[in-house]
Amino acid sequence: MIERIWSGKSWLYVLLLPLSFLYGLIAIIRHSAYKVGLSRSWKAPIPVVVVGNLTAGGNGKTPVVIWLVESLVKEGYRVGVVSRGYGGKAESYPLVLDENTSTTAAGDEPVLIYHRTKAPVAVAPKRSDAVKALLAVHELDVVITDDGLQHYALQRDYEIVVIDGQRRFGNGWWLPAGPMRERAGRLNSVNALIVNGGQPEGREVLMTLEGDTAVNIVTSENQPVTQLQSVVAMAGIGHPPRFFASLEHKGLTLMNTHAFADHQDYEQKQLAALVKPTQSLLMTEKDAIKCRSFAQPNWWFLPVKAQLSSNGEQKILSEIKKLITNNKNACH
């Protein structure tokens, strides 16, 4: 129902408009307070790059963060990542991740980023605390913050907004009548726009998520995803239909699909009931990171990699590298 309301296919959004106006008023006042200095923000000693969005729900931020970290590390830069750690309940914050950090403590996306990139990752509701925790134990050239476009308590040097190319901005209203955290005019002040699928508009950089090799959660065996037999797909992400559609686009015939809430925790019994022993349970990497301790031999995940148009990729990376170089020169 909420998808229909946010997409503009239902008039019920009208009932939620009073709450939307209240949400929007609070958002505007809060942003303005930081802009004029009534609320204090913290400036890190190294460049901070925010990867965020204007809408609620999954737009593809985490693959962009992973792409950015891997691209900068490949060129010799020391990169750290911070996040709020949504869904995690650590005993104390800030929490610097290690190999044994669970998704229960840190949230699924930070743990996924840590294991994929091997970069230093820290989480804290107050992101400046996470940055300080990383800098206390690592020499870094730049920090990437996963989400946090609206977290103005942390000053940023570069902003990237990721847009869902299919859903875009829905009906355009603030939460809860629509999907917007901020109005679309905010895009005029960000440094880069990345659109996940669909047709890019204006200065948007097109991104596609590529991945054709399934990985067995138990054995780490690799296999072309199209060779999996009797596939049942599941996803607990911001927009599960995107995952299911991508599998069908690859030529898979899905026996069944199961959509879960974003960041949902799983139990073995719950997921084992979705498939027969002769079937394959296929999930996203974000789901798999939460199932490592109790996965079954017929459970697989499909890792994906962000692919950006070459001109857009080079522009974003060159601008961030320039920030890093300028900061280093200023410190000497």
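Anyway, here's the lowdown on the structure attached to this text. None of the values given here were measured: they were computed from a predicted structure.

The rules we used
Residues numbered from 1 in each chain as written. Predicted model: local features only at pLDDT ≥ 70, side-chain atom pairs only at ≥ 80, totals over all residues. Heavy atoms only, no water. Core = buried A, V, L, I, M, F, W, Y, C linked by side-chain atoms within 4.5 Å. Buried < 20%, exposed > 50% of the residue type's maximum accessible area, 1.4 Å probe, protein only. Helix = DSSP H or I, 4+ residues; strand = E, 2+ residues; numbered from the N terminus. Contact = heavy atoms within 4.5 Å. Pairing = 2+ DSSP bridges. Axes fitted to C-alpha atoms, helices over the stretch in contact; angles between N-to-C directions. Phe/Tyr/Trp six-rings, centres within 6.5 Å; stacked < 30°, edge-to-face > 60°.

Within the largest apolar cluster, 36 residues are counted, with the highest numbers of intra-cluster contacts made by Leu68, Leu72, Ile144, Ile160 and Ile316. The element best represented in this core is helix α3 (residues 61-74), accounting for seven residues. Apart from residues no more than four positions distant in its own chain, Ile316 is found in contact with Trp67, Tyr158, Ile160, Ala192, Ile194, Val205 and Leu308. Within the second largest apolar cluster, 23 residues are counted, among which are Leu134, Leu140, Leu154 and Val195.

This next bit is on the pairing of strand β1 (residues 48-52). Across the five residues that make up β1, a large majority, five, are buried. Of the two faces of β1, the one holding Val48, Val50 and Gly52 and the one holding Val49 and Val51 are both buried throughout. With four bridges connecting them, β1 and strand β5 (residues 142-146) associate as parallel partners. Opposite Val48, over in β5, you have Val143 as the bridge partner. Note that β1 and strand β6 (residues 158-164) share four bridges and pair parallel. The residue bridging Val51 from the neighbouring strand is Ile160, located in β6.

The α-helix winds at 3.6 residues per turn, so residues separated by three or four positions along the chain end up facing the same way. Looking only at helix α6 (residues 127-137), the buried set comprises Arg127, Ser128, Ala130, Val131, Ala133 and Leu134. The secondary structure elements touched by the buried residues of α6 are β2 (79-83), β3 (95-96), β4 (121-123) and β5.

On to the sheet that holds β2, then. Across the sheet, which stays open at both edges, the nine strands sit in the order β3-β4-β2-β5-β1-β6-β7-β8-β15 with mixed pairing between neighbours. Lying at the two open borders of the sheet, with one neighbouring strand each, are β3 and β15 (305-308).

Strand order in this open sheet of six strands is β10-β9-β14-β13-β11-β12, and the pairing throughout is mixed. The open sheet has two edge strands, β10 (222-224) and β12 (254-259), and neither has a second partner. Averaged over neighbouring strand pairs, the angle between their axes works out to 30 degrees when direction is ignored. Bridge count between strand β11 (residues 231-235) and strand β13 (residues 280-284): three bridges; the pairing is parallel. Bridge pairing in β13 links Ala233 to Leu282. Each of β11, β12, β13 and β14 (299-302) touches helix α7 (residues 240-249); the most contacted strand, β11, lies at about 150 degrees to it.

On to the packing of aromatic side chains. One pass over the structure, following the stated rule, counts five aromatic pairs. Relative to Trp173, the ring of Phe21 lies with its centre 5.5 Å away and its plane at 85 degrees, an arrangement referred to as edge-to-face. In this pair, Phe21 sits in helix α2 (residues 13-35) while Trp173 sits in the loop between β6 and β7 (192-196), placing the two residues 152 residues apart along the sequence. What makes Phe21 partly exposed here is its relative accessible area of 44%. Given the relative accessible area of 21%, Trp173 is considered partly exposed. Aromatic pair Tyr34 and Tyr152: ring centres 6.4 Å apart, planes at 45 degrees, arrangement tilted.

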